[in-house]
Every structure is written in structure tokens, then in C-alpha cells.
Amino acid sequence: MMLLEMFSWPFMQRALTAGVLVSLCAALLGVPLVLKRYSMIGDGLSHVSFGALAVAAALGLTPLYFSIPVVILAAFFLLRLAGSGSRMGSDAAIAVVSASALSVGVLVISLTTGMTTDVDNYMFGSVLAMTRADVILSAAVCTAVLALYLLFYHKLFAVTFDESFARATGVRVELYNTLLSVLTALTIVLGMRMMGAMLISSLIIFPALTAMRLFRSFRGVVLCAAATAVVCFCAGLTVSFLYSTPVGATVVAADLLVFLTACGLRRLRRGA
């Protein structure tokens, strides 16, 4: 009865739909990002998104539509820097961009509208933040991510594991890296409204790491990561509603619990 009551509320229906779609996108995109050692790009982009949202709020612009192009440009910059062998290093570049964007966002908000509850929602997420437009955009992004895997699975596989070989066989590596960056940026912007800037990167990292503890094939990791992300989000959202805990933190706790369980199963399998 409690669960039926939970999903009778329109805001919970929007949260469940958008959250499942965003979690699925983050997990599917997270597998190639983690395997290419670009996993912390998600953390950097979430902070860029917060800075863009803060600037949009200060200027009176629509936050979502202002932040999307800004985060996409940041994704291009970080992925290009990560693959260019820069002397700074991709991890240092992500740290610089992340800290700078976060500080700009906090300064702009504090000097204009003040540190209000809306800022807390962007930092840590809120179920109430999800709108009908978010659900529609989440469905569009999820459709694009699924199409990427269904239509270009083998090319994505080649780009993930060996860009040089993929380029030599005629695969347009830059195009697929661009698609990954754009879709990741959109997923970060959408998911940040529910998970918050501090926690959204966990949706990209945890499901992929969990799946890699249980499966060795790329296909197995992708399918397991997708299932893990959806199950953990649904479990986290349910627990959050029942015990009045923050959604983002509860979902991350569910991801962490599943990850630790997968690590334990891997050790048992090796010891057997």
C-alpha cells in the first residue's frame, strides 16, 4: 500500500521515469568512459553545470537551456585535452575546471540571489525539481544513447579499447568521441537536478565498476551496468520516500552497497 501511495503522486511518477532514463544513460555512457579512463569527466561536468545554472539564474535565463551548450563545450574541451597528451594531464585539467566552475557558481549566487534552497537542490538534488520537460528530454537522450549502442555497437567497442586500431580500420574516432561527450553532457545536466552536482558522477562510475567486477566481456559489462543502475535508482528512490532521506545520497548508498557486494562475490569466485 505504501508503494502504491508513493507512485500515486505526480512528482514521484516524474522522478521515477526521468531517474530511470537518466540512470540508464549514465550507466551505458559510463562503461566506455571508465574503460577509457575518463570517468572523472562526469564530476568535472557536473560542477561546470552548476556554474552555468548559477549564471543563468543570476541573469534571469532558463537554467536548463543555458547550461546545456556550456556543458557540451566543456565536455569537448575535457575529452580533447584527455586524448591529446597535454603536459597538464587530464586529471589535473578536470580538477582545475571542476574547482573553477564550482567557485564561480557559488560566487555568482552569493552576490546575486543569495544561497537559497534552489541552490541546495542543484548541489544535492531534489525529487521535486523534475518537470515534465525534464522527462521528455530524458526520454530523447535515452533514445539517442540506445540508438548509439544498437546501431554502432562494434564501432563503439573498437573506439573504447583501441582508438589507433579503430582509426586505421576507417572508424571515425572523433565522431564517436564527440557523440559520447554530447550525450554525457546532456545526461549530467538532466541528472544533476535530481542527484545534485556533488553526486551525479556516481551514476556514471559505480554501475560500470560493479559490472566490471562480475563480467569480462564488453557486452556483459554493458548489460550488467544498465541493470545495476536502474535497480539501484529504483531502490534508492523507494527508500528515500519511505524514510525521508535525500534521493541522491540514498541512490549512491544503494550503488555503493551493490558495488561492495560485487567485490565480495569476485573474491569468493577467485578463492573457489
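Before reading on, note that the structure itself is shown above.
Residues numbered from 1 in each chain as written. Predicted model: local features only at pLDDT ≥ 70, side-chain atom pairs only at ≥ 80, totals over all residues. Heavy atoms only, no water.

*Asks:* Explain helix α7 (residues 132-161) here, please?
*Replies:* In an α-helix, one full turn covers 3.6 residues, which means residues spaced three or four apart are oriented alike. With 30 residues, α7 extends just 38 Å between its outermost C-alpha atoms, more than 12% less than the 44 Å of an ideal straight helix rising 1.5 Å per residue. At phenylalanine 152, α7 shows its maximal kink, close to 95 degrees. (Helix = DSSP H or I, 4+ residues; strand = E, 2+ residues; numbered from the N terminus. Expected span 1.5 Å × (residues − 1). Bend = angle between axes of the 7 residues up to and from the residue.)

*Asks:* I'm lost on the packing of aromatic side chains in this one. Help?
*Replies:* How two aromatic rings sit relative to each other is given by the distance of their centres and the angle of their planes. Taken as a whole and judged by the stated rule, the model has seven aromatic pairs. When the centroid spacing of 6.2 Å and the interplanar angle of 45 degrees are considered together, the rings of tryptophan 9 and phenylalanine 11 count as tilted. The class of tryptophan 9 is partly exposed, set by a relative accessible area of 41%. Overall, phenylalanine 11 belongs to the partly exposed group, its relative accessible area being 23%. Between the aromatic rings of phenylalanine 157 and phenylalanine 218, the centroid separation amounts to 5.4 Å while the plane-to-plane angle is 70 degrees, which identifies the pairing as edge-to-face. Separated by 61 residues along the polypeptide, phenylalanine 157 in helix α7 and phenylalanine 218 in helix α11 (residues 218-243) bring together distant segments of the chain. (Phe/Tyr/Trp six-rings, centres within 6.5 Å; stacked < 30°, edge-to-face > 60°. Buried < 20%, exposed > 50% of the residue type's maximum accessible area, 1.4 Å probe, protein only.)

*Asks:* Mind showing me how you'd approach the pattern of salt bridges here?
*Replies:* Any two side chains of opposite charge can pair, on the condition that their charged atoms come close. Inspection of every chain in the model, using the stated rule, returns two salt bridges. Among the ionic pairs, lysine 36 bridges to glutamate 163, the shortest N-O distance being 2.5 Å. Of this pair, lysine 36 sits in the loop between α2 (10-35) and α3 (41-59) while glutamate 163 sits in helix α8 (residues 163-168), and the two are 127 residues apart along the sequence. A residue is classified by how much of its surface remains accessible, and lysine 36, at 12% relative accessible area, is buried. Where arginine 167 meets glutamate 174, a salt bridge forms, and the shortest distance between an N and an O atom there is 3.1 Å. What makes arginine 167 partly exposed here is its relative accessible area of 39%. Using a relative accessible area of 48% as the deciding quantity, one classes glutamate 174 as partly exposed. (Salt bridge = Lys/Arg side-chain N within 4 Å of Asp/Glu carboxyl O.)

*Asks:* I keep staring at the nonpolar core and nothing clicks. Help me out?
*Replies:* One broad trend across soluble globular proteins is that nonpolar side chains are buried collectively. One finds Val31, Leu45, Val145 and Tyr149 to be the most contacted residues of the largest nonpolar core, which totals 73 residues. Considering each element in turn, this core owes the most residues, 14 residues, to α2. Ranked by size, the runner-up nonpolar core spans five residues in total, among them Phe50, Leu53, Met123 and Met192. (Core = buried A, V, L, I, M, F, W, Y, C linked by side-chain atoms within 4.5 Å.)

*Asks:* I tried to follow the packing of α2 against α7 on my own but got confused; where do I start?
*Replies:* The relative placement of two packed helices comes down to the angle between their axes together with the axis-to-axis distance. Look at α2 against α7: their axes get within 9 Å of each other, and the N-to-C directions meet at 20 degrees. Classed by the angle they form, the pair α2 and α7 counts as roughly parallel. Handedness of the α2/α7 crossing: left-handed. When α2 is examined against α7, the residues Arg14, Thr17, Ala18, Leu21, Val22, Leu24, Cys25, Leu28, Leu29, Val31, Pro32 and Leu35 are found in contact with a partner set consisting of Arg132, Val135, Ser138, Ala139, Val141, Cys142, Val145, Leu146, Tyr149, Thr160 and Phe161. Here the residues of the contact of α2 with α7 are counted per class, giving 18 nonpolar, three polar and two charged. (Axes fitted to C-alpha atoms, helices over the stretch in contact; angles between N-to-C directions. Parallel < 35°, antiparallel > 145°, perpendicular 65-115°, else oblique. Left-handed = near helix turned anticlockwise from the far one by under 90°. Contact = heavy atoms within 4.5 Å. Nonpolar A, V, L, I, M, F, W, Y, C, P; charged D, E, K, R; others polar.)

*Asks:* Looking at this structure, I do not really get a nonpolar patch on the surface. What am I missing?
*Replies:* A cluster of nonpolar residues, Leu146, Leu150, Leu151 and Phe152, forms a patch on the protein surface that exposes about 420 Å² of accessible area. Examined against the element boundaries, leucine 146 turns out to sit in helix α7. Relative accessible area serves as the criterion here: at 35%, leucine 146 is assigned to the partly exposed category. (Patch = residues over 30% accessible without salt bridge, like charges linked within 9 Å, V, L, I, M, F, W, Y side chains within 5 Å. Areas by Shrake-Rupley, 256 points an atom, 1.4 Å probe, with all protein chains shown as cover.)

*Asks:* How should I be thinking about the environment of leucine 179 in this particular structure?
*Replies:* Locating leucine 179 in the fold gives a position in helix α9 (residues 173-195). In this structure leucine 179 comes out as partly exposed when scored by relative accessible area, which is 32%. Sequence separation between leucine 179 and phenylalanine 76 is 103 residues; the distance between their C-alpha atoms is 9.8 Å.

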